[in-house]
Amino acid sequence: MTTPFIHDDFLLESEVARDLYHRFVEELPIIDYHCHLPVKQIADDHRFRSLTEIWLDGDHYKWRAMRANGVNERLITGDASDREKFEAWARTVPATIRNPLYHWTHMELKRPFGITELLTPATAQPTFDRCNEYLQTPEFSTQGLLRQFKVAVVCTTDDPTDSLEHHQKLAQRKNPETRVVPTWRPDAAIAIDNIETFNAWLARLEAASNTSIIKLADLLDALAKRFRDFHALGCRASDHGLESIPSGDFTIAAANNAFDKLRGGNHADADEARQYKLMMLHGDALMAHRAGWVQQYHLGALRNTNTRMRRALGADSGLDSVGDFEMARPLARFLDRLDESNQLAKTILYNLNPRDNELFATMIGNFQDGSVAGKMQYGAAWWFLDQKDGMEAQLRALSNMGLFSRFVGMVTDSRSFLSYSRHEYFRRLVCNLLGDDVKRGFLPDDRELLGNVARDVAFFNARKYFGFDV
């Protein structure tokens, strides 16, 4: 009998790796401390109309691959039927050989659907129909899938203007198997290039916080109110998606001037705008420190590069790439400013450009202070890097420059409820790397020692770091 492509020992290339994975980490729960799952779908226990909705809608990884394979946009984001879109994806999958999508596609078909056949045009129709049957059952609702994947905690990504009504609904459940909490993502507060969009966001913040925002001080009061609302619902982390940290220093006067101009419908000059952004980031970091939160910084994406496609499809449509921004000096100054007053919160730094791996891995070491094991974290391989080569490179950089054993592990960073295969993928790679080191004589064959490290990286470090009671 032919062994399926995705089998029990997939990616586990040694006896040690197989033992570590199956004995120590395979059955551990998941803490997904950064994702973009739609909280409304979780609160409503949404059932998906088809495999296309859960698998292709909103997945810009797949969209990019389909465009590269010559698929017409109608079959990607257009008005084609769910079956037509799925068939277009099935035609694309064989062309993704050596792309991580080939692995993820077949891992997600095996778990949770139990399908081990390769997805091809020939298998598209029975695969689509079989998965759609499963999706109509309670086990494949949003909450059912989270239970199947043993997800203990989901941290969604939420704007300060979000109502949090769905989080409130979820918080009222008794003894939920999956705890769902918001993450504070105030990027819109510094997205000031489009004045009309910025002022429209301020209007929504006024409504959400019941605060009139005329001056910068009013904005800070409104954000502080919403920050407390997030905290009350279990939020314990902030997140920022930036090209890079603004450089230099700031003054309150310059930030006030910038805000007054923006509120009046005028652009601030470049230096005042820089100082405003830096002051806002600094103030947010101070709130995170006071509340005992973890702050996260996702740095290095060059977004919305294709004007024509952006106009047609909007943001988050697969039009982004790795950027090449200056990182070291601005980031060091930003962290040092907080550390000087002993107000630097637990921090996770994520880079998108692989050239910055060692830069970020060494940067965290500058601000470890002995107060918390692994206080400063070099974050999991992110976006274009969350594939085998990228994950292994991140793990090597962290191992060489810091303490791999204190790493808080993987995140999905996804909008798909099927993306928890990425945690499995990561855990398999961790065990395989440890097993390979044993095979090459670089580590002792001490299964308890290595197994406990693998367990910590897979689950227990994150639980302790974020303080989740799970």
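Anything mentioned here points back to the structure above.
Starting from 1, residues in each chain are numbered consecutively following that chain's sequence as written. Local features in a predicted model are, by the rule used here, given only for residues with pLDDT of at least 70; side-chain atom pairs are given and counted only at 80 or more, and totals for whole chains, interfaces and linings are based on all residues. Processing note: side-chain calculations cover all non-hydrogen atoms of the structure and skip hydrogens and water entirely.

Trainee: What is the right way to read the packing of helix H12 (residues 252-263) against helix H13 (residues 270-291) from this model?
Mentor: One way to put it is that H12 packs onto H13 with a least axis distance of 8 Å and a crossing angle of 110°. Considering the angle they form, H12 stands roughly perpendicular to H13. Judged by residue contacts, Ile 252, Ala 254, Ala 255, Asn 257, Ala 258, Phe 259 and Lys 261 of H12 engage Glu 272, Ala 273, Gln 275, Tyr 276 and Met 279 from H13. Residue polarity follows a fixed list, in which Ala, Val, Leu, Ile, Met, Phe, Trp, Tyr, Cys and Pro are nonpolar, Asp, Glu, Lys and Arg are charged, and the others, Gly among them, are polar. A class-by-class count of the residues in the contact of H12 with H13 yields eight nonpolar, two polar and two charged. Helix axes are fitted to C-alpha atoms over the stretch in contact, other axes to C-alpha atoms as well, and angles between N-to-C directions run from 0 to 180 degrees. For the purposes of this entry, the term helix denotes a DSSP run of H or I that reaches at least four residues, the term strand denotes a run of E that reaches at least two, and both are numbered from the N terminus. Any angle between 65 and 115 degrees counts as roughly perpendicular, while under 35 counts as roughly parallel, over 145 as roughly antiparallel, and the rest as oblique. When checking whether two residues touch, look at their non-hydrogen atoms; a contact exists if any pair is within 4.5 Å.

Trainee: Whenever I open this one, helix H19 (residues 447-466) confuses me. Can you help?
Mentor: Count 3.6 residues to each turn of an α-helix, and residues three or four apart come out pointing the same way. A helix's residues, less one, multiplied by 1.5 Å, set its expected span. For H19, built from 20 residues, the straight-helix expectation of 28 Å at 1.5 Å per residue is met to within 8% by its first-to-last C-alpha distance of 27 Å. At Asp 456, H19 shows its maximal bend, which comes to roughly 60°. Per-residue accessibility, obtained with a 1.4 Å probe over protein chains only, is compared with the maximum for each type, and a residue is labelled buried under 20%, exposed over 50%, and partly exposed between these values. For H19, every residue scored as buried is listed here: Arg 447, Leu 450, Gly 451, Val 453, Ala 454, Val 457, Ala 458, Phe 459, Asn 461, Ala 462, Tyr 465 and Phe 466. Of the residues trailing H19, Gly 467 is marked for its positive phi of about 75°. Note on bend: the value at a residue is the angle between axes fitted to the seven residues ending there and to the seven starting there.

Trainee: I keep staring at the pattern of salt bridges and nothing clicks. Help me out?
Mentor: Between side chains of opposite charge, pairing is possible as soon as their charged atoms come close. By definition, a salt bridge exists where a carboxyl oxygen of Asp or Glu is found within 4 Å of a side-chain nitrogen of Lys or Arg. Inspection of the entire model under this criterion finds 38 salt bridges. Asp 386 is the salt-bridge partner of Arg 422, the closest N and O atoms lying 3.2 Å from each other. Taken together, the positions of Arg 422 in helix H18 (residues 421-439) and Asp 386 in the loop between strand E9 (376-378) and helix H17 (388-401) put the pair 36 residues apart, joining distant regions of the chain. Here Arg 422 and Asp 386 have matching classes, each one buried. Beyond isolated ion pairs, a larger network of salt bridges with shared partners links Glu 15, Asp 19, Arg 23, Asp 445, Arg 447 and Glu 448.

Trainee: What should I look at first to understand the packing of aromatic side chains in this one?
Mentor: Any pair of aromatic rings gets described here by the distance separating the centres and the angle formed by the planes. Only Phe, Tyr and Trp rings take part, Trp by its six-membered ring, and two of them pair if their centres are within 6.5 Å. Stacked means planes under 30 degrees apart, edge-to-face means over 60, and tilted covers everything else. A complete count under the given rule lists 26 aromatic pairs for this structure. On the numbers, 5.8 Å between centres and 75° between planes, the contact of Tyr 61 with Trp 104 is edge-to-face. Of this pair, Tyr 61 sits in helix H4 (residues 60-68) while Trp 104 sits in helix H6 (residues 100-110), placing them 43 residues apart in sequence. Trp 104 shares its class with Tyr 61; the two are buried. Each ring, one from Trp 184 and one from Phe 230, has its centre 5.0 Å from the other, and the planes form 90°; the classification is edge-to-face.

Trainee: I'm lost on the nonpolar core in this one. Help?
Mentor: Where a protein is soluble and globular, its nonpolar side chains tend to be buried together. For this analysis, a nonpolar core means a set of buried residues of the types Ala, Val, Leu, Ile, Met, Phe, Trp, Tyr and Cys, connected via side-chain atoms within 4.5 Å. Counting 158 residues, the largest nonpolar core has Tyr 33, Leu 51, Trp 55, Leu 219 and Tyr 276 as its most contacted members. It is H13 that provides the largest number of residues to this core, a total of 10 residues.

Trainee: I would appreciate a short explanation of H6 in the present structure.
Mentor: Counted residue by residue, H6 has nine buried out of 11 residues, so it is predominantly covered. Every buried residue belonging to H6 is among Leu 101, Tyr 102, His 103, Trp 104, Thr 105, His 106, Met 107, Glu 108 and Leu 109, and all of these are buried. The secondary structure elements touched by the buried residues of H6 are helix H3 (51-55), H4, helix H5 (82-92), helix H7 (124-135) and H18. Whenever two N or O atoms come within 3.5 Å, that pair is a polar contact, provided that in protein one can donate a hydrogen and the other can accept it, and provided that, for residues adjacent in sequence, both atoms are side-chain atoms. For H6, the N-terminal cap is Asn 99; the gap from its side-chain oxygen to the backbone nitrogen of Leu 101 is 2.8 Å.

Trainee: Help me out: how do you make sense of the sheet that holds strand E4 (residues 237-242) in this one?
Mentor: In a beta sheet, neighbouring strands pair by backbone hydrogen bonds and run either parallel or antiparallel. Note on pairing: DSSP must find at least two bridges between two strands before they are called paired. With parallel pairing, the four strands of this open sheet are ordered in space as E4-E5-E8-E9. Pairing within the sheet leaves two strands with one partner each, and these edge strands are E4 and E9. Averaged over neighbouring strand pairs, the angle between their axes works out to 15° when direction is ignored. Two elements, strand E8 (residues 346-351) and E9, share three bridges in a ladder whose sense is parallel. Paired with Thr 347 across the strands is Met 376, a residue of E9. H19 contacts E4, strand E5 (294-299), E8 and E9 of the sheet and is inclined by roughly 130° relative to E8.

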